[in-house]
Amino acid sequence: MKLRLDKYLCDMTAESRSEIKSNIKKGFVLVNGEIITKPETKVDTEIDEVVYKEEIISYEKYVYYMFHKPAGCVSATSDGQCKTVIDYFSDAKGKDIFPVGRLDKDTEGLLLVTNDGELAHNLLSPKKHVEKVYYAEIEGELPYNATMLFEQGLDIGDKEKTLPAKLEIIEDMESNDTLAVKVTITEGRYHQVKRMFEALGCKVTYLKRLSMGSLVLDDNLKKGEWRKLSTEEICRLREHE
Ligand code: URA
């Protein structure tokens, strides 16, 4: 693919187009060993070697990040009031990135952030039934047959019952009346996990997504941190297509 040099560098760095243009004009960029000062110069993303500020910058059309979303951050690209997922990516490569799907403002955990619309579409497609696993803490008394009720599908006030879901009780937390559970769902309805427990007379007091399809939240990522996906993680996600 052929691209303007300023676009190439704008896509592959966290810098703005105007900063990039100005730095190209100052002679900070080498293409195949030669200083290029015209931002409009065409470069071939597969063949040409671009060096910017003494670093080889290779071109990746798509970028893929794993983000550990903290509570208080909204799953959007912009918001007038709250910090968004994308606000955490100011020094990441790749423009036009967005979170794949939504977590509620108070939900923590795994979010995939990418600019690959096709992969996002496939992972979110209701037809694909991609599994999402959540850890939840709940208050209230669960019916004795809650696991079976999750499996059978619950009426959460929508036209259709929820698809079969898996509920695993992890532990009774001694400090209060809280129960720790793991829930696996294959849909992505609005407030789905919270509404499933509400349907059984319980309240979710804490929610964290642990995985989405083959992608599992990395224990080493602290809240608010992100990292690039490995090639293997990307390949395995593509298998959901
Ligand atoms: N279910 C919810 O209720 N909230 C989330 O953020 C995700 C799933």
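Fair warning: this is a prediction, and the values are worked out from it, not measured in the lab.

Formed by 34 residues in total, the largest nonpolar core has its most connected members in Phe89, Ile138, Leu142, Phe150 and Phe197. Here the element with the most residues in this core is strand β12 (residues 178-185); it accounts for four residues. Each residue touching Ile138, except ones within four places of it in the same chain, is listed here: Asp177, Thr178, Leu179, Val181, Phe197, Cys202, Lys203, Val204 and Thr205. Val100, Leu119, Ala120 and Leu229 belong to the second largest nonpolar core, which has 16 residues in total.

A few words now on the pairing of strand β13 (residues 203-212). As paired elements, strand β9 (residues 108-114) and β13 share two bridges and run parallel to each other. Within β13, the position partnered with Glu108 by the bridge is Lys208. As judged from the eight bridges shared by strand β10 (residues 132-139) and β13, these two strands associate in the antiparallel manner. Bridge assignment links Glu139 to a residue of β13, and that residue is Lys203.

Turning to the pairing of β10, a few remarks are in order. When a strand is regular, its side chains alternate between the sheet's two faces. Counting buried positions along β10 yields seven of eight residues, so the element is predominantly enclosed. Where β10 lies against β12, eight bridges are found, and the strand directions are antiparallel. Looking at the pairing, Glu137 lines up with Ala180 of β12.

Those residues of helix α6 (residues 231-238) that fall on the buried side of the exposure criterion are Glu233, Ile234 and Leu237. Buried residues of α6, seen end-on, are gathered within an arc of 100 degrees and therefore sit on one face of the element. Opposite the buried face of α6, at more than 90 degrees from it, the exposed residues are Thr231 and Glu232. Buried residues along α6 sit in contact with β7 (64-69), β9, α3 (117-124), β13, β14 (215-216) and β15 (226-228).

Let us look at unusual backbone geometry. Backbone geometry places His129, a non-glycine residue, at a positive phi of 50 degrees. Mapped onto the secondary structure, His129 falls in the loop between α3 and β10. With a relative accessible area of 41%, His129 lands in the partly exposed category. Non-glycine residue His191 carries a positive phi angle of around 50 degrees. Inspection of the secondary structure puts His191 in the loop between β12 and α5 (192-198). Assessed through its relative accessible area of 28%, His191 is described here as partly exposed.

Parameters at a glance
Residues numbered from 1 in each chain as written. Predicted model: local features only at pLDDT ≥ 70, side-chain atom pairs only at ≥ 80, totals over all residues. Heavy atoms only, no water. Core = buried A, V, L, I, M, F, W, Y, C linked by side-chain atoms within 4.5 Å. Buried < 20%, exposed > 50% of the residue type's maximum accessible area, 1.4 Å probe, protein only. Helix = DSSP H or I, 4+ residues; strand = E, 2+ residues; numbered from the N terminus. Contact = heavy atoms within 4.5 Å. Pairing = 2+ DSSP bridges. Arc of directions from axis to C-beta.

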